[in-house]
Amino acid sequence: EQKLQARIGLAFIVQFQLPGRDPAAAIPLYEGILKDLPAGHAWRALVLARLGQCQADRKSADYARARDLFRQAVEAAKDDPFLAQETILHWASSYIATADREEFATGLKLLGEKMPLFAGSRLEGVAHELAAKMAESLGDWARVSAELEAWAAVGIENYGLKGQVLFRIGRINEMLLKD
C-alpha cells in the first residue's frame, strides 16, 4: 500500500508541480498504477480522474479519451461524492476547450444530467457557474439567468462577485423582458 501511495504521489508531482509540470509524462505513470489496481480499489476512481485530466491537459489533447476516463472515474467514485463532483466538472470543462457550439451544448447537457449530484455540496455553485458560462456561449439567456440564480441561491461568499452575478441576472432578465 505504501508503494502504491508513493507511485501515485510521483504521478501527482509530474502532473501538477510547477515549474515543469508535464501531464503527458504522467500518463504512463497513471496507466501503470491503473494496471496494478483491482477493479474495486478505493483509489481507482482517483487514478482514472487524474489520467483523464492528463489526457485533456496535454499539448495534443485527446478529449475523447479524457471523457471516457472521466466517465469511468465517476462510475468508480460512487463512495466518494466529492471526487465524482470534481471529475464531472473536469469532464464538463473539456467541452469548453474546443470552442465549438455543439461541444458547449453537449457539456451543458452533461451538467444538467449530473446537477442533482451536486445538491447541497460545496461544488454546487461551481457547477452552476460553469453551466451559466456554457449557456451564455450558446446564447441561451434564460438558462444563463436560471444558472446564475441557482448559483446565487447556494451562496457566493465573495460579495463583489455576488454583486456582479446579481447585476448580470438583472440585465439578462431586462433583455429577456425587453424592458
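Shown above is the structure to which this text applies.
The present account deals with the structure reproduced in this document. (Residues numbered from 1 in each chain as written. Predicted model: local features only at pLDDT ≥ 70, side-chain atom pairs only at ≥ 80, totals over all residues. Heavy atoms only, no water.)

**Concerning the overall build of the protein chain**
Scanning the protein chain for helices and strands turns up nine helices and zero strands. In the protein chain, the succession of α and β elements from N to C terminus is α-α-α-α-α-α-α-α-α. Dimensions of the protein chain, computed from C-alpha atoms along their principal axes, come out at roughly 65 × 30 × 30 Å. Split into buried and exposed, the 179 residues of the protein chain put 39% on the buried side. For the protein chain, the share of sequence-separated contacts (at least 6 apart) that also reach a separation of at least 24 residues comes to 50%. For the protein chain, the exposed surface amounts to about 10,000 Å²; the carbon and sulfur share of it is 55%. Averaging the positions of the 22 positive and the 24 negative side-chain charges in the protein chain gives two centres separated by 4 Å. (Helix = DSSP H or I, 4+ residues; strand = E, 2+ residues; numbered from the N terminus. Buried < 20%, exposed > 50% of the residue type's maximum accessible area, 1.4 Å probe, protein only. Contact = heavy atoms within 4.5 Å. Areas by Shrake-Rupley, 256 points an atom, 1.4 Å probe, with all protein chains shown as cover. Lys, Arg positive; Asp, Glu negative; His and termini not counted. Charge placed at Lys NZ, Arg CZ, Asp CG, Glu CD.)

**A word on the packing of helix H5 (residues 81–93) against helix H6 (residues 101–114)**
Where H5 contacts H6, the axes come no closer than 9 Å and their chain directions differ by 160 degrees. Judged on the interaxial angle alone, H6 and H5 are roughly antiparallel. H5 and H6 meet at a crossing whose hand is left-handed. Contacts between H5 and H6 involve Ile88, Trp91 and Ala92 on the former and, on the latter, Gly107, Leu110, Leu111 and Lys114. Partitioned by chemical class, the residues of the contact of H5 with H6 number five nonpolar, one polar and one charged. (Axes fitted to C-alpha atoms, helices over the stretch in contact; angles between N-to-C directions. Parallel < 35°, antiparallel > 145°, perpendicular 65-115°, else oblique. Left-handed = near helix turned anticlockwise from the far one by under 90°. Nonpolar A, V, L, I, M, F, W, Y, C, P; charged D, E, K, R; others polar.)

**Description of the layout of surface pockets**
One number sums up the size of the largest pocket: a volume of about 240 Å³. In this structure, the largest pocket is lined by Ser121, Arg122, Glu124, Gly125, Val126, Glu129, Trp151, Val154, Gly155, Ile156 and Glu157. Counting only elements with at least two residues in the lining of the largest pocket, the list comes to helix H7 (124–138) and helix H8 (141–154). Broken down by element, the lining of the largest pocket gets its largest block of residues, four residues, from H7. Broken down by class, the residue content of the lining of the largest pocket amounts to four nonpolar, three polar and four charged. By volume, the second largest pocket amounts to about 150 Å³. Taken together, Arg71, Val74, Glu75, Ala77, Lys78, Pro81, Ala84, Gln85, Trp91, Lys114 and Leu117 form the lining of the second largest pocket. Looking at the lining of the second largest pocket, its residues break down into six nonpolar, one polar and four charged. (1 Å grid on protein atoms, 1.4 Å probe; cavity = no way out; pocket = protein on both sides within 12 Å on 5 of 7 lines; lining within 4 Å. Points joined across faces, edges and corners; volume = space filled by probe spheres on them.)

**Thoughts on the packing of helix H1 (residues 2–16) against helix H2 (residues 23–36)**
At a minimum axis separation of 8 Å, H1 and H2 run at an interaxial angle of 160 degrees. As far as their axial angle goes, H2 and H1 are roughly antiparallel. Pair H1 / H2 crosses with left-handed handedness. The residues of H2 that touch H1, namely those facing Leu4, Arg7, Ile8, Leu10, Ala11, Phe12, Val14 and Gln15, are Pro23, Ala25, Ala26, Leu29, Tyr30, Gly32, Ile33 and Asp36. Across the contact of H1 with H2, the residue classes tally to 12 nonpolar, two polar and two charged.

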